[in-house]
Amino acid sequence: MATWDDVRSLALSLPGTSERASRDHMHWWVDGKGFVWERPLRVPDLAALGSDAPEGPILGARVADEGVKAALIAAEPEIYFTVPHFDGYPAVLVRLERITVAELRELITEAWLCRAPKRLTKDFPTER
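A. Quick peek at helix H1 (residues 4–12). If you check which residues of H1 are buried, you get Val7, Leu10 and Ala11. Along H1, the residues classed as buried sweep out an arc of 95 degrees about the axis, all on the same side. The opening residue of H1 is Thr3, an N-cap whose side-chain oxygen sits 3.3 Å from the backbone nitrogen of Asp5.

Quick look at the structure:
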């Protein structure tokens, strides 16, 4: 449902956000910290996932902690997943074609809030 254009638009609508390529893939940053990024599956990921490896565009997103990551994956495994590379790291992978734009907006905003400095978040509306 969502597209890279949606990711770009939503990420860049947040204060202090920039976009640049890293390792030939798009990343969105706030104050020098990545919060969402294009994350195609790599050979070790494909091996680990086996026949469960999704096709299509994959978005990586920072989350508050491992508990949030586990909750997202448990609640909607058709959208959210992880690979061993992210074990112990507060980030989740997203099947971009399966997430609604509204859910994507919430995910990107939460990722931004995890990484943005207080000077940007202190006046940021909590309800969007």
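B. Structural context of the pairing of strand S6 (residues 91–95). Of all five residues making up S6, five are buried, and the element is well covered by its neighbours. Along S6, one buried face is formed by Ala91, Leu93 and Arg95 and the opposite face, lined by Val92 and Val94, is buried too. With two bridges joining them, strand S5 (residues 80–81) and S6 adopt antiparallel strand pairing. Directly across from Tyr80, in S6, lies its bridge partner Val94.

C. Representation of the sheet that holds S6. Pairing in this open sheet of six strands is antiparallel, and the strands run S1-S2-S3-S4-S6-S5 from one edge to the other. With partners counted over all chains shown, the strands left at the sheet margins are strand S1 (17–22) and S5, one partner each. Packed onto the sheet, helix H3 (residues 66–75) meets S5 and S6 and runs at close to 25 degrees relative to S6. Strands in contact with helix H4 (residues 101–115) are S1, strand S2 (25–30), strand S3 (33–38), strand S4 (58–62), S5 and S6; relative to S3, the strand with the most contacts, it is inclined by about 150 degrees.

D. Summary view of unusual backbone geometry. Phi is positive for Arg23, which is not a glycine, with a value near 55 degrees. Here Arg23 shows up in the loop between S1 and S2. Of note, Asp24 is a non-glycine position whose phi angle comes to about 65 degrees, a positive value. Among the structural elements, Asp24 can be located in the loop between S1 and S2. Assessed through its relative accessible area of 75%, Asp24 is described here as exposed.

So, how was this worked out
- Residues numbered from 1 in each chain as written.
- Predicted model: local features only at pLDDT ≥ 70, side-chain atom pairs only at ≥ 80, totals over all residues.
- Heavy atoms only, no water.
- Buried < 20%, exposed > 50% of the residue type's maximum accessible area, 1.4 Å probe, protein only.
- Helix = DSSP H or I, 4+ residues; strand = E, 2+ residues; numbered from the N terminus.
- Arc of directions from axis to C-beta.
- Polar contact = N/O pair within 3.5 Å; in protein donor to acceptor, adjacent residues only side chain to side chain.
- Pairing = 2+ DSSP bridges.
- Contact = heavy atoms within 4.5 Å.
- Axes fitted to C-alpha atoms, helices over the stretch in contact; angles between N-to-C directions.

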